[in-house]
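Chain and residue survey
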Amino acid sequence: MSEIKHPSGKLVREDRMPHIFCPGCGIGGTISNIAEALLESGQDLDKFTVVSGIGCSGRAAGYFKLDGFHTTHGRPVAYATGQKLANPDLNVIVFSGDGDLTTIGGNHLIHAARRNMDLIVICINNFNYGMTGGQMGGTTPTLTKTTTCVYGNFETPFNVPLLMTACGANYVARWTSAHSHYIKKSFHEALEREGFRFIEVISACPINWGRRNKMRTGIDLVKFFLNQTVVKENPDPQDALIQMDTPILCGVFADEGRPGLLRSMHEVLSPKVKVEKFRGDGKIQVPETKEEEAPEIVSSPKKVEQVKIKLGGLGGQGIALLGLIMGRATCIFDGNEAVYSQEYGAEARGGASASSVIISSEKIDYPYIKVPDVMVLMAQAAFRKYKSEIQPGCTLFIDKDLVKPEDLPEDVKVYAVPATRMAEEVGRKVVANIVMLGFISALTDYISLDAVQSALKMSVPKGTEEFNLKAFQAGYEYGEKLKKEES
């Protein structure tokens, strides 16, 4: 007796048969449709991957005889995007359910469609969270029942084709699991296109959705689909909302022919960055930096004991830039170690703003500052906020016109400079942070003077280098004068 072979055995894992789907479920049939279409395409199957999320449909990745990836709930599109960007030679298929894609993973889905990311997404829409007990989801038709809406859903569901076309997907189609021929045809069309291609399959779920809505078997649901479906050429996605008293509108809702994200990225970026192909797996040669473009190391490494510097002010005072220049000077030009971090309030300007820099000749194990050695404050609000972090032995730098420190711990050394007033005298108060940088440079030796000036020039907008160096010099001379007075 000859051994019975699965008709799609070249692409479906026979060792996993019989499958685990419920009797009457539409997912298994759709997997077969996609497998048949792939075999008919004649394409190199080693170039295909299948990515699934969580849910009944998430099992699909394990049934295809392809490289398959079963990801976390709602994240298959994000994961697939990473795969495609890393290896653009792959054809990445996302096969998952309506809850995983449109609800929990909704934000990933709409932005992948907006970007026209080069993916094929098969969305099995069975109107509920079938695997986890049949709860209501974002596509549950109004007035139908699930385990979490036993009196009937009173919310309006997503119109999925309208959502995808509105977001910018290149190709959008919908069929039911009773329309095998159309599913295969749409998949063939999707293979021939680029960008974001989305195929919604309205799928039978007799166990968790059907039996609560008087369709207890797969046959009942297939009859319902065939009776309710209207197939149109170029249907309007505005008419695609599924309710129990409206037709299930099927067809190809969008077929735009726009370039996919990878081609768009290539067309815009390649001429500018001189990179012919973009991929994230390290298999391309990145142009070497010309010698004259490389930053010049102006000083040899100097030994620095670890020093923790906290800088505070208001948004718009350049507090982040001040810390960035210190970090760059340390790492790039002094050859030492530095860790730089930022924190913000909710406001872009006027709210609290802070940055932190840790400088050392040794490796820095912990990136955050709990007790700073040096505190730089350029606003009274920042003093109030960070006052508790000023501990005995701390060195405090302040803008003397804007910060009035009080109740400081003993043994805190305070250096004050009218940074904002001096910046206005230089020409613009926006460089008050640079005046402060010069002042600090004159009174400390954590970073060499050459390194700070070099980092300053590479960190400010082109054409403003001399103006910023003038502000730096003003602060530096103020600090030098203070140092002489104290000696």
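These remarks concern the structure in this document. Just so we're clear, the structure is a prediction, and the values are computed from it rather than from any experiment. (Residues numbered from 1 in each chain as written. Predicted model: local features only at pLDDT ≥ 70, side-chain atom pairs only at ≥ 80, totals over all residues. Heavy atoms only, no water.)

**Brief notes about the pairing of strand β7 (residues 171–176)**
On any regular strand, side chains alternate: one points to one face of the sheet, the next to the other face. Judged by how many residues are buried, β7 sits mostly within the fold: 6 of 6 residues are covered. Pairing analysis gives 6 bridges linking β7 to strand β8 (residues 196–202), with the strands arranged parallel. Looking at the pairing, Trp 175 lines up with Val 201 of β8. This β-α-β element, β7 to helix α7 (residues 180–191) to β8, shows right-handed connectivity. Bridging between β7 and strand β10 (residues 248–255) involves 4 bridges; their strand directions are antiparallel. Each bridged residue has a counterpart across the sheet, and for Tyr 171 the counterpart in β10 is Asp 255. (Buried < 20%, exposed > 50% of the residue type's maximum accessible area, 1.4 Å probe, protein only. Helix = DSSP H or I, 4+ residues; strand = E, 2+ residues; numbered from the N terminus. Pairing = 2+ DSSP bridges. Right-handed = clockwise from strand over helix to strand, strands pointing away.)

**So, the sheet that holds strand β14 (residues 374–377)**
Spatially, the 6 strands line up as an open sheet ordered β12-β13-β11-β14-β15-β16, and their pairing is mixed. Both outer strands of the open sheet, β12 (337–344) and β16 (413–417), are each paired with one neighbouring strand and no more. Direction aside, neighbouring strands of the sheet carry axes that sit 15° apart on average. In terms of strand pairing, strand β11 (residues 307–314) meets strand β13 (residues 352–360) through 8 bridges, oriented antiparallel. (Axes fitted to C-alpha atoms, helices over the stretch in contact; angles between N-to-C directions.)

**Digging into the side chain of Ser 186**
Tracing the backbone shows Ser 186 in helix α7. We classify Ser 186 as buried; its relative accessible area is 1%. Within the structure, the side chain of Ser 186 is placed 2.8 Å from the side chain of Trp 175, a separation counted as a polar contact. Not counting residues within four places of it along the chain, the set of residues in contact with Ser 186 comprises Tyr 171, Ala 173, Trp 175, Ile 199 and Val 252. (Polar contact = N/O pair within 3.5 Å; in protein donor to acceptor, adjacent residues only side chain to side chain. Contact = heavy atoms within 4.5 Å.)

**Some points on a nonpolar patch on the surface**
A surface patch of nonpolar side chains, amounting to about 220 Å² of accessible area, comprises Val 268, Leu 269 and Val 273. Secondary-structure assignment places Val 273 in helix α10 (residues 261–273). With a relative accessible area of 42%, Val 273 lands in the partly exposed category. (Patch = residues over 30% accessible without salt bridge, like charges linked within 9 Å, V, L, I, M, F, W, Y side chains within 5 Å. Areas by Shrake-Rupley, 256 points an atom, 1.4 Å probe, with all protein chains shown as cover. Salt bridge = Lys/Arg side-chain N within 4 Å of Asp/Glu carboxyl O.)

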